[in-house]
Amino acid sequence: MAGKPGPQNLLTDVPGLKVGHAVDEILRSGVSVIVPDARAACSVDVRGGGSGTRETDLLRPEATVQAVDAICLSGGSAFGLDAASGVMHWLAERKRGVEVRGHVVPIVPAAILFDLNNGGDKDWGAEPPYRLLGRQACDAASAGPFPLGNTGAGFGAMAGQIKGGLGSASWIEPDGLVVAAMVAVNAVGSVLTPGNRSFWATPWEQNAEFGGLPFQVQNVDLGLAAESRIARPAAGSHTCIGIVATNAAFDKSALRQIATMAHDGLARAVRPVHTPFDGDTLFALATATWQDTQDAADKFWLTARVGSIAADCVARAAARGVWAADPLGALQSARDVVAAARNS
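These figures come from a predicted structure and were not determined experimentally.

Peer 1: How would you sum up the overall build of the protein chain? Please name residues and give values.
Peer 2: What the protein chain contains, in helices and strands, is five helices and 14 strands. Expressed along its principal axes, the backbone C-alpha trace of the protein chain runs to roughly 65 × 55 × 35 Å. Scored against the burial criterion, the 344 residues of the protein chain give a buried share of 58%. A fraction of 78% describes how many contacts in the protein chain between residues 6 or more apart in sequence connect residues 24 or more apart. Summed over its atoms, the accessible surface of the protein chain is roughly 13,500 Å², and 52% of this surface lies on carbon and sulfur atoms. Counting 28 positive and 33 negative side-chain charges, the protein chain places the centres of these two groups 0 Å from one another.

Peer 1: Please provide a residue-by-residue account of unusual backbone geometry, values included.
Peer 2: A cis amide bond links R271 with the next residue in sequence, P272, at an omega value of -10°. Here R28, not a glycine, exhibits a phi torsion of approximately 60°, which is positive. Mapped onto the secondary structure, R28 falls in the loop between β1 (17-24) and β2 (29-36).

Peer 1: Kindly report on the packing of aromatic side chains, identifying the contributing residues and their values.
Peer 2: Evaluated as defined, the whole model comprises four aromatic pairs. Their ring planes at 70° and their centres at 5.3 Å tell us that F199 and F210 sit as a pair that is edge-to-face. Residue F199 is found in the loop between β12 (178-185) and β13 (241-246), and its partner F210 is found in the loop between β12 and β13; the two are separated by 11 residues along the sequence. Neither F199 nor F210 differs from the other in exposure class; each is buried. Clustering of aromatic rings is evident, with ring pairs tying together F79, W124 and Y130. Lying over the aromatic face of W90, R94 brings its terminal NZ or CZ to 3.8 Å of the ring centre.

Peer 1: Tell me about the pairing of strand β5 (residues 71-74), residues and numbers included.
Peer 2: It is a general feature of regular strands that their side chains alternate between the two faces of the sheet. Burial along β5 is two-sided: I71 and L73 and C72 and S74, pointing in opposite directions, are all buried. Pairing of β2 with β5, which is carried by four bridges, proceeds in the antiparallel orientation. By the bridge assignment for β5, V31 is matched with S74. With three bridges joining them, β5 and strand β8 (residues 110-112) adopt parallel strand pairing. By the bridge assignment, L73 is partnered in β8 with A111.

Peer 1: So, the environment of D175: which residues are in play, and what are the values?
Peer 2: Structurally, D175 can be placed in the loop between β11 (165-172) and β12. With relative accessibility at 27%, the residue D175 sits in the partly exposed group. Taking the C-alpha atoms as reference, D175 lies 9.6 Å from W290; in sequence the two are 115 residues apart. Within the local environment of D175, its side chain forms a polar contact with the side chain of R305, the two groups lying 2.9 Å apart.

Peer 1: Describe in detail the sheet that holds β1, supporting the description with residues and values.
Peer 2: Sheet architecture is open: five strands sit in the order β1-β2-β5-β8-β4, paired in mixed fashion. Each edge of the open sheet is held by one strand with a lone partner, namely β1 and β4 (53-54). Helix α1 (residues 82-93) contacts β2, β4, β5 and β8 of the sheet and is inclined by roughly 150° relative to β5. Packed on one face of the sheet, helix α2 (residues 130-140) meets β1, β2 and β5 and runs near 140° to β1.

Peer 1: Requested: an account of the pattern of salt bridges, with residues and values cited.
Peer 2: For the structure shown, the criterion picks out 13 salt bridges. Here E209 and R316 are joined by a salt bridge, their closest N and O atoms 2.7 Å apart. Taken as a pair, E209 in the loop between β12 and β13 and R316 in helix α4 (residues 299-324) lie far apart in primary sequence, 107 residues in all. One salt-bridge network, held together by shared partners, links D45, R47 and R256.

Peer 1: A description of the sheet that holds β13 should follow, citing residues and the corresponding values.
Peer 2: Backbone-to-backbone hydrogen bonds pair the strands of a sheet. The strands run either parallel or antiparallel. The strand order β3-β14-β13-β12-β11 describes an open sheet built from five strands, whose pairing is mixed. In this open sheet, the two edge strands, each paired with only one partner strand, are β3 (41-46) and β11. Across the sheet, the mean angle separating the axes of adjacent strands is 15° when strand polarity is ignored. Pairing of β13 with strand β14 (residues 281-286), which is carried by six bridges, proceeds in the parallel orientation.

Peer 1: Give a description of the nonpolar core that names residues and reports values.
Peer 2: Grouped together as the largest cluster of nonpolar side chains are 48 residues, with contacts concentrated most on F199 and F250. Residues in contact with F250, not counting those within four places in the same chain, are A41, L255, I258, A286, K299, L302, T303 and V306. Within the second largest apolar cluster, 30 residues are counted, among which are C42, V68, I71 and L113.

Peer 1: Describe the environment of K122, and please don't skip the residues or the numbers.
Peer 2: In this structure, K122 sits in the loop between β8 and α2. Residue K122 is classed as buried on the basis of its relative accessible area of 18%. A distance of 2.7 Å separates polar atoms of two side chains, one belonging to K122 and the other to N118.

Reading guide: rules and limits
- Residues numbered from 1 in each chain as written.
- Predicted model: local features only at pLDDT ≥ 70, side-chain atom pairs only at ≥ 80, totals over all residues.
- Heavy atoms only, no water.
- Helix = DSSP H or I, 4+ residues; strand = E, 2+ residues; numbered from the N terminus.
- Buried < 20%, exposed > 50% of the residue type's maximum accessible area, 1.4 Å probe, protein only.
- Contact = heavy atoms within 4.5 Å.
- Areas by Shrake-Rupley, 256 points an atom, 1.4 Å probe, with all protein chains shown as cover.
- Lys, Arg positive; Asp, Glu negative; His and termini not counted.
- Charge placed at Lys NZ, Arg CZ, Asp CG, Glu CD.
- Phe/Tyr/Trp six-rings, centres within 6.5 Å; stacked < 30°, edge-to-face > 60°.
- Lys NZ or Arg CZ within 6 Å of the ring centre and 35° of its normal.
- Pairing = 2+ DSSP bridges.
- Polar contact = N/O pair within 3.5 Å; in protein donor to acceptor, adjacent residues only side chain to side chain.
- Axes fitted to C-alpha atoms, helices over the stretch in contact; angles between N-to-C directions.
- Salt bridge = Lys/Arg side-chain N within 4 Å of Asp/Glu carboxyl O.
- Core = buried A, V, L, I, M, F, W, Y, C linked by side-chain atoms within 4.5 Å.

None of the figures reported here should be taken as evidence of function without further support.
As structure tokens, this is what we get:
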């Protein structure tokens, strides 16, 4: 029996996770938050030359803190790191966090992407809005379905020269193992093949989840992909950020390996990737709600198994997010661009 996408084909197919999003349409930016039902082991792998993160040092395998209370993904470049403060205080009000000498301190690692130049009104005065957006995302968090495309951290994103977005995908194995990903795609690189006729991630597509377009690749430019040749981007001006999660039980060391493997999914979906202009960041989190029976004696094998599935889910999530995105300002949607290319 083969595995299959989960019933929602979303990160929330992982038992024990809630996801919430908040957006500001005038700002053209947003925040996504992942809140586990119980504190969860987590690690991270950061690629590219322009990352923006918070609390990622705590996710090193040798660091003292063993679990997190939430993960925050935000637009807004460095201003967006304020969103994690909103999430942190939302959790503190509910007495969720690690106990330190009589105090409860929520642990909220975060990553941001750059969406400051998408035409939104960024004249926010003395107080950037991201802290409030972080709280609103927490208020909206649920284990149910959520929209893709122009939502959460992907609301103001771009992918190459078209509208980026937030995507998600999941996979359930016959023995009950669940792996899923959620990615906000804001890459310098393109998710579309030369000529804009299909997705690089098409070989991993399930059930026409991003259009069911036949895979077409020809005349590949072996230099910097032509679809990504925007006017000399600045360092840190893009970035894909996201999370992979599983219901298996792992420590931070294994989750670091899974996050590393998951980046292969970005390489399958975006070309080029991990450039000096990107700060690609993927978290890996384990809810430990599944009792492993098949691979309990060999955690290295289970790590490899989950990491491989996670990479596939990341590739699918990236393409789903861009395919679902609607036009925003001058940015065309992938649906419009592909339709025009195929009708030409």
